[in-house]
Amino acid sequence: MADNLSDTLKKLKITAVDRTDDSLEGCLDCLLQALAQNNMETSEKIQGSGILQLFASLLVPQSSCTAKVANIIAEIAKNEFMRIPCVDAGLISPLVQLLNSKDQEVLLQTGRALGNICYDSHEGRSAVDQAGGAQIVIDHLRSLCSKTDPANEKLLTVFCGMLMNYSNENDSLQAQLINMGVIPTLVKLLGIHCQNAALTEMCLVAFGNLAELESSKEQFASTNIAEELVKLFKKQIDHDKREMVFEVLAPLAENDAIKLQLVEAGLVECLLEIVQQKVDSDKEEDIAELKTASDLMVLLLLGDESMQKLFEGGKGNVFQRVLSWIPSNNHQLQLAGALAIANFARNDGNCIHMVDNGIVEKLMDLLDRHVEDGNVTVQHAALSALRNLAIPVINKAKMLSAGVTEAVLKFLKSEMPPVQFKLLGTLRMLIDAQAEAAEQLGKNVKLVERLVEWCEAKDHAGVMGESNRLLSALIRHSKSKNLYTRKYRIWPF
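Remember, it's a predicted structure, so these values are computed and weren't measured experimentally.

Cut-offs applied
- Residues numbered from 1 in each chain as written.
- Predicted model: local features only at pLDDT ≥ 70, side-chain atom pairs only at ≥ 80, totals over all residues.
- Heavy atoms only, no water.
- Helix = DSSP H or I, 4+ residues; strand = E, 2+ residues; numbered from the N terminus.
- Rg over C-alpha atoms; globule rule 2.2 N^0.38 Å.
- Buried < 20%, exposed > 50% of the residue type's maximum accessible area, 1.4 Å probe, protein only.
- Contact = heavy atoms within 4.5 Å.
- Core = buried A, V, L, I, M, F, W, Y, C linked by side-chain atoms within 4.5 Å.
- Arc of directions from axis to C-beta.
- Polar contact = N/O pair within 3.5 Å; in protein donor to acceptor, adjacent residues only side chain to side chain.
- Salt bridge = Lys/Arg side-chain N within 4 Å of Asp/Glu carboxyl O.
- Axes fitted to C-alpha atoms, helices over the stretch in contact; angles between N-to-C directions.
- Parallel < 35°, antiparallel > 145°, perpendicular 65-115°, else oblique.
- Nonpolar A, V, L, I, M, F, W, Y, C, P; charged D, E, K, R; others polar.

(A) The arrangement of the overall build of the protein in detail. Within the protein, the secondary structure is distributed over 32 helices and zero strands. Compactness check: the protein gives a C-alpha radius of gyration of 32 Å against a globular reference of 23 Å for 493 residues, more than 25% above the reference. Projected onto its principal axes, the C-alpha coordinates of the protein cover approximately 105 × 45 × 40 Å. Residues classed as buried in the protein amount to 55% of the 493 residues present. Considering only contacts in the protein between residues 6 or more positions apart, those separated by 24 or more positions represent 71%.

Here it is as structure tokens:
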């Protein structure tokens, strides 16, 4: 084979100059066959022969061999060591020119060649950028978007892949694609070609790349991306496919407008169903999916409008289902449930309703289960929820009567700054304008000693600041002259 390849390369040098298409085509076929048998070795020989420079002159629209030349370039560019030589041989400019061809096979192989040269290659991307390749490809995606025949869908998949390789992990090139309006086009592609697995997958990967950029969120929000993703998500049975959709949903759901769109499109019901299906499984992938689904649920509740829509006056199915997570034996669901309550507790009306309907007792029970060697993230989440619930004035006395202070003080011995910070914040909210409670806490020796210690916690500015604020609040809100805090001469505040 080695001798045949050497002979082919020599012959190709001659025929490339003579431009006899029949002889040229035979040489190109031999090269493609050799690449199929041993791509790396053949690529090395091609590079060593100095024939790469000749390929530039063969990339002409009117030649019947053009598609095969582009195919050879696509194959050799699968090798990392061949990408810069392809750029140095001046192949990018003629390849980009071929993107204006009307021949579908030429477009397909050209898209493959450019995509492979761009893969993880700064030089390749820069050359394609300078030649204006991205805009031409986006124009093709727009014009071909509605055609659903197999050959066209294959070409669309290649073009999407080319743009993905062109912009992957490159913020400036991703921003360029966004400014060129690629997002609405890709969303339209997803809607029309949702039955084509390869094209759908490529769209999802492209979304995943672009969605990380903050500048993309506004464009995504102006499309029906939420509806399309939820529709696609509902069809997925395979774990890996659902994970791909999750990877797009998570960064998009950081935007409040998209949060609401996802809620209105029915994503929450899908997430609740996954939780129900996976909660008792001990399979690693099911545990991971349960975490992803519950985390995304909490993220959706960070938006004011989406949160209020799901709360539904405290009577909504979603709110009730989330409540059922708190007494669960699954730490991930306990965490998500407590975080969800903390997010629901972002306005007085919701807080008052939840306290009146026994949420505080559920949270205290949860904390009780995590006092000794408990889960720190669950402790932090439950304390966050109690702190938020304690903000409305009308709730303070009710929560004090329920024994929240005693439940919170059990965590005084915690050495975890996040837990310390939330513990202090919860106590401060509880005693606000509650003189009797402030007086009782001010006489708690262990608490005051711990507060004085934490006031010096310079490594944890949040804990230090919250300790000082709580000490100040104890004195300000208490009418007693005999607070234990006087011993420490902590005036003035």
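(B) Broad picture of the nonpolar core. In this structure, Phe55, Ile73, Phe207, Ile341 and Leu389 are the most contacted members of the largest nonpolar core, which totals 170 residues. Contacts of phenylalanine 55, omitting those with residues within four sequence positions, involve Leu12, Leu31, Ile46, Val69, Ile72, Ile73 and Leu91.

(C) Expanded view of helix H15 (residues 214-221). Among the residues making up H15, those that are buried are Ser216, Lys217 and Phe220. Relative to the axis of H15, the buried residues are bounded by an arc of 115 degrees and lie together on one face. Lining the buried residues of H15 we find helix H12 (171-179), helix H13 (182-192), helix H14 (197-211), helix H16 (225-235), helix H17 (239-252) and helix H18 (256-264).

(D) Up close: the side chain of asparagine 350. Counting through the fold element by element, asparagine 350 comes out in helix H24 (residues 348-356). Side chain to side chain, asparagine 350 and glutamine 308 meet in a polar contact 3.1 Å long. Residue contacts for asparagine 350: discarding those within four places in its chain leaves Met307, Gln308, Phe311 and Phe344.

(E) Spatial organisation of H12. Turning to H12, its buried residues number three or more, namely Leu173, Gln174, Gln176, Leu177 and Ile178. Looking at the buried side of H12, the elements it contacts are helix H9 (122-131), helix H10 (133-144), helix H11 (150-167), H13, H14 and H15. Directly after H12, the chain includes glycine 181, whose backbone phi takes a positive value near 80 degrees.

(F) Structural detail: the pattern of salt bridges. Applying the stated criterion to the full structure yields 21 salt bridges. As a salt-bridge pair, aspartate 286 and lysine 278 come within 3.2 Å of each other at their nearest N and O atoms. Neither residue differs from the other here; aspartate 286 and lysine 278 are each classed as buried. Glutamate 289 is the partner of lysine 278 in a salt bridge, and the nearest nitrogen-oxygen pair spans 4.0 Å.

(G) Inspection of the packing of helix H20 (residues 284-300) against helix H23 (residues 331-344) at higher detail. Taken N-terminus to C-terminus, the directions of H20 and H23 make an angle of 5 degrees; their axes are 9 Å apart at the nearest point. The angle between H20 and H23 falls in the class roughly parallel. When H20 is examined against H23, the residues Leu290, Lys291, Ser294, Asp295 and Val298 are found in contact with a partner set consisting of Gln332, Leu333, Ala336, Leu339, Ala340 and Asn343. Of the residues contributing to the contact of H20 with H23, the split by class is six nonpolar, three polar and two charged.

(H) Molecular detail of the side chain of asparagine 71. When you line up the elements, asparagine 71 lands in helix H5 (residues 66-76). Given the relative accessible area of 17%, asparagine 71 is considered buried. Not counting chain neighbours up to four residues away, the residues in contact with asparagine 71 comprise Leu32, Gln109 and Arg112.

(I) Region of the structure containing unusual backbone geometry. Residue glutamate 312 is not a glycine yet carries a positive backbone phi of 45 degrees. By the element assignment, glutamate 312 lies in the loop between helix H21 (304-311) and helix H22 (317-323). We note that alanine 433 has phi near 65 degrees; this positive angle belongs to a residue other than glycine. Secondary-structure assignment places alanine 433 in the loop between helix H29 (417-431) and helix H30 (435-442).

(J) Structural context of the environment of leucine 271. Relative to the helices and strands, leucine 271 resides in helix H19 (residues 267-278). Classification of leucine 271 by relative accessible area gives buried; the value is 1%. C-alpha separation for the pair leucine 271 and phenylalanine 233, spaced 38 residues apart in sequence, amounts to 10.0 Å. Those residues within four positions of leucine 271 in sequence are excluded, and the remaining contacts are Phe246, Ala293, Leu296, Met297 and Leu300.

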